Amino acid sequence: MNDIILYGAFDRHNYGDLLFPLIMERVINDLHPNKKVLIAGLINSDLSKYGAKKTITIKRALKTSKHDATLILAGGDVVACDWQSAYGYLLPKSIFPAYERIACYYFPKLTQYLTSRLMGLTSDLPFNLSRNDVGESRKVIYNSVGATGVSNITNEQDVSALGELMNETNFVSVRDLFSQSQLERIGCNSSQLAPDSATVMSSYISIDELEQKSSYSTRKLIETYMNGYIVFQISQGHVKGKEEAFAKALSDTSRAFNLPIVFIAIGNAAGHNDAAGVHKVASLLTKGTTYSTYLDGNIFDLMNIIRNASCYCGSSLHGLITSMSFSVPRVALLPTLRKQINYMNTWDLPHMPKGVIPEDLSEAVCIAMATPSKDLKSLGRKLTDTYMNSFKSMSSSF
């Protein structure tokens, strides 16, 4: 029987979601080696070819674990995430647009009901489970999660219900000040502030392991660009209409710093598709701009590519967190991406560029790369220590 269930959106191909169980399992095994850990998502999944942990369904995990096991929401923007979104990201990319436009738009309540029952649960929200699903004697913990979705909860009855549910938990930590303020708005005043759990990746994944688990093509890419390169990542949805502007900005930046561009795809799940956006931008680069692409989406390849970069520029929060963990200068793209801005406002060096538009990219890269190495490393150590202290406080609830 299992002592701890790690639960989250670990069953879709999105870099950050796949990191949480990988890192959390290692931290638990390190500090609580006698605890048995089970990893659960909404569905059974095997994304091990991307370096990820396999999942079983949360329904089965709850059924086969101890009556007093601890359920840990291991990370991600899970508070107030709705069924329509959680289920939609598991669909094939070809079906997802129609699902959003028709089922979610015209039949939201029916879609919520049917998807929750399809997953074998009765809770109104997929990652905020009621006692009817969890059981009366199990502990529930939220580990450095995001709660940006709470800002969309305005109906008085929904606010009251979610606030009551969050106040029944045994421990809540959130990863940014905005999330904390949103929980306070619904009456949950006990949340602690802690960096994202993926922050500690550089302490739990050695350079030797990264090298061993990186593909030959990734190691070759890093060797080819041993004098440095700029990593660029952006999702298809966020780059739409800005392809030419980003292509020009990247061409100018590459020329100004004499550094090639490495395009990466961090997400390939529905709603998180990077590859299409990357292809479009790359095709519009100024002639003569040196670049490479990595689109396979393996966790260890992505981590290694970002770790060796001169600068990371992207829309992915966990691309930014990876660069913070490995002391890499970084630029967060676009002012509309509040998760990234909220997180950096809470934890990053004040001058690190965020909300950057294409026209300001070159200047932003210059500012980020001018950051002293000692400041980058000092921040990484500070964030790791802060998270580990939070974990130790949280694990007293196990």
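Look up: the structure comes first, before these words.
## Let's talk about the pattern of salt bridges
Between side chains of opposite charge, a pair can form when the charged atoms approach closely. Applying the stated criterion across every chain, the model contains 12 salt bridges. Note that Arg-307 is salt-bridged to Glu-211, the shortest N-O span being 3.6 Å. Note that Arg-307 is positioned in helix α15 (residues 299-307) and Glu-211 in helix α10 (residues 207-213), a separation of 96 residues in sequence. Across the pair Asp-348 and Arg-330 runs a salt bridge whose closest N-O atoms are separated by 2.7 Å. In this pair, Asp-348 sits in the loop between α17 (338-347) and α18 (361-369) while Arg-330 sits in strand β12 (residues 330-332), placing the two residues 18 residues apart along the sequence.

## Some details on the sheet that holds strand β7 (residues 192-193)
Spatially, β3-β2-β1-β4-β5-β6-β7 is the arrangement adopted by the seven strands of the open sheet, whose pairing is parallel. Bordering the open sheet on either side are β3 (56-57) and β7, each of which pairs with just one other strand. Pairing of strand β5 (residues 139-145) with strand β6 (residues 171-174), which is carried by three bridges, proceeds in the parallel orientation. Paired with Tyr-142 across the strands is Val-172, a residue of β6. In the packing of helix α1 (residues 15-31) onto the sheet, the strands contacted are β1 (4-7), β2 (37-41), β4 (70-73) and β5, and the crossing angle to β1 comes to about 160 degrees.

## Description of helix α14 (residues 275-283)
A turn of α-helix holds 3.6 residues, and therefore any two residues three or four places apart point the same way. Listed in full, the buried residues belonging to α14 are Ala-275, Gly-277, Val-278, Val-281 and Ala-282. Looking down the long axis of α14, one finds its buried residues gathered within 160 degrees of arc, a one-sided arrangement. Lining the buried residues of α14 we find α12 (236-239), α13 (243-257), β9 (261-264) and β10 (291-294).

## Brief notes about helix α16 (residues 317-325)
Within α16, nine of the nine residues are buried, which leaves it mostly tucked inside the rest of the structure. Among the residues making up α16, those that are buried are Leu-317, His-318, Gly-319, Leu-320, Ile-321, Thr-322, Ser-323, Met-324 and Ser-325. A side-chain oxygen of the first residue of α16 lies 3.2 Å from the backbone nitrogen of His-318; this N-cap is Ser-316. At the C-terminal side of α16, Ser-327 shows a positive phi close to 60 degrees.

## Section: the packing of α16 against α17
Between α16 and α17, the shortest axis-to-axis distance is 9 Å and the interhelical angle comes to 25 degrees. For the element pair α16 / α17, the angle class is roughly parallel. Contacts from Leu-317, Leu-320, Ile-321 and Met-324 in α16 reach Lys-339, Gln-340, Tyr-343, Met-344 and Trp-347 in α17.

Parameters at a glance
- Residues numbered from 1 in each chain as written.
- Predicted model: local features only at pLDDT ≥ 70, side-chain atom pairs only at ≥ 80, totals over all residues.
- Heavy atoms only, no water.
- Salt bridge = Lys/Arg side-chain N within 4 Å of Asp/Glu carboxyl O.
- Helix = DSSP H or I, 4+ residues; strand = E, 2+ residues; numbered from the N terminus.
- Pairing = 2+ DSSP bridges.
- Contact = heavy atoms within 4.5 Å.
- Axes fitted to C-alpha atoms, helices over the stretch in contact; angles between N-to-C directions.
- Buried < 20%, exposed > 50% of the residue type's maximum accessible area, 1.4 Å probe, protein only.
- Arc of directions from axis to C-beta.
- Polar contact = N/O pair within 3.5 Å; in protein donor to acceptor, adjacent residues only side chain to side chain.
- Parallel < 35°, antiparallel > 145°, perpendicular 65-115°, else oblique.

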